[in-house]
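Examining the three-dimensional arrangement
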Amino acid sequence: MSRHPAISVDPAKRSEVAMAALSLLDTPYRYGGRYPEQGFDCSGLVAYVMRSAADVRLPHNSAEIARLGRPVSSRKLNPGDLVFFNTLDRPLSHVGVYIGEGRFVNAPSSGGRVRIDSLANPYFAQRFEGARTLFAE
């Protein structure tokens, strides 16, 4: 059983979540990073965005974040939903914030910077494991 209470974010916050993610583009990647000043890893970025835009506290772990959301079909993704990937030969090891039109914001890897990627990018398409939403229906 999760240590975190059920999360149900007001759907009116979707655009704020997407805009908060976009405002962090070009922030350096840093493993374990949780704040813009220090840089972000993927789950640190998502936790920071959700805290600042929707006042929701998330764990600093992509698999734990996935467990808190409801599955959503990739055909029904909306801005602010979360997309998950297996990038470390470990299920749900990477997460990003969906912003629309098949694109998402993520903190990709060591030496990188927060950027926009496409779900159609072959690297991410082969590793896509699904999407979750924290927004109320």
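Keep in mind that this is a model prediction, so the values were computed, not measured. (Residues numbered from 1 in each chain as written. Predicted model: local features only at pLDDT ≥ 70, side-chain atom pairs only at ≥ 80, totals over all residues. Heavy atoms only, no water.)

**Details of the pairing of strand β5 (residues 94-100)**
Of all seven residues that make up β5, seven are buried, and the element is covered over most of its length. Sheet topology note: the strand β4 (residues 82-85)/β5 ladder contains four bridges and is antiparallel. Looking at β5, one finds that V83 is bridged to G96. Linking β5 back to strand β6 (residues 103-106) in an antiparallel pair, the connection comprises two residues, with E101 at a positive phi of about 55°. (Buried < 20%, exposed > 50% of the residue type's maximum accessible area, 1.4 Å probe, protein only. Helix = DSSP H or I, 4+ residues; strand = E, 2+ residues; numbered from the N terminus. Pairing = 2+ DSSP bridges.)

**Observations concerning the sheet that holds strand β8 (residues 128-133)**
Here six strands make up an open sheet; going across it, the order is β3-β8-β4-β5-β6-β7 and the pairing antiparallel. Every interior strand has two partners, whereas the edge strands, β3 (70-72) and β7 (115-118), have only one. Geometrically, the sheet is characterised by an average inter-axis angle of 40° between neighbouring strands, direction not taken into account. Sheet topology note: the β3/β8 ladder contains three bridges and is antiparallel. Among the inter-strand pairings, P71 is bridged to a residue of β8, identified as R132. (Axes fitted to C-alpha atoms, helices over the stretch in contact; angles between N-to-C directions.)

**A closer look at the side chain of T133**
The topology assignment puts T133 in strand β8. Residue T133 is classed as buried on the basis of its relative accessible area of 5%. Separated by 2.6 Å, the side chains of T133 and D81 make a polar contact. Within the local environment of T133, its side chain forms a polar contact with the backbone nitrogen of F135, the two atoms lying 3.2 Å apart. (Polar contact = N/O pair within 3.5 Å; in protein donor to acceptor, adjacent residues only side chain to side chain.)

**Quick look at the side chain of S93**
Within the secondary structure, S93 sits in the loop between β4 and β5. A polar atom in the side chain of S93 sits 2.9 Å from the backbone nitrogen of T87. Discounting residues that sit within four places of it in the chain, S93 has contacts with C42, S62, F85, N86, T87 and L88. (Contact = heavy atoms within 4.5 Å.)

**Here's the deal with unusual backbone geometry**
Unusually for a residue other than glycine, D89 sits at a positive phi of about 55°. In this fold, D89 is placed in the loop between β4 and β5. By relative accessible area, which is 77% here, D89 ends up exposed. Even without being glycine, L92 reaches a positive phi, approximately 55°. Relative to the helices and strands, L92 is located in the loop between β4 and β5. Given the relative accessible area of 16%, L92 is considered buried.

**Brief notes about the packing of aromatic side chains**
One pass over the structure, following the stated rule, counts seven aromatic pairs. When the ring of F40 is compared with that of Y48, the centres are 5.4 Å apart and the planes differ by 50°; the resulting orientation is tilted. For Y48, a relative accessible area of 22% translates into the label partly exposed. Ring centres of F85 and F124 lie 5.1 Å apart, and the angle between their planes is 65°; on these two criteria the pair is classed as edge-to-face. With a gap of 39 residues between them, F85 in strand β4 and F124 in helix α4 (residues 122-127) connect regions that are remote in the sequence. Relative accessible area serves as the criterion here: at 3%, F124 is assigned to the buried category. Taken together through their ring pairs, the aromatic side chains of F85, F104, Y123, F124 and F128 make up a single cluster. One cation-aromatic arrangement involves R132 over F84; the distance from NZ or CZ to the ring centre is 5.9 Å. (Phe/Tyr/Trp six-rings, centres within 6.5 Å; stacked < 30°, edge-to-face > 60°. Lys NZ or Arg CZ within 6 Å of the ring centre and 35° of its normal.)

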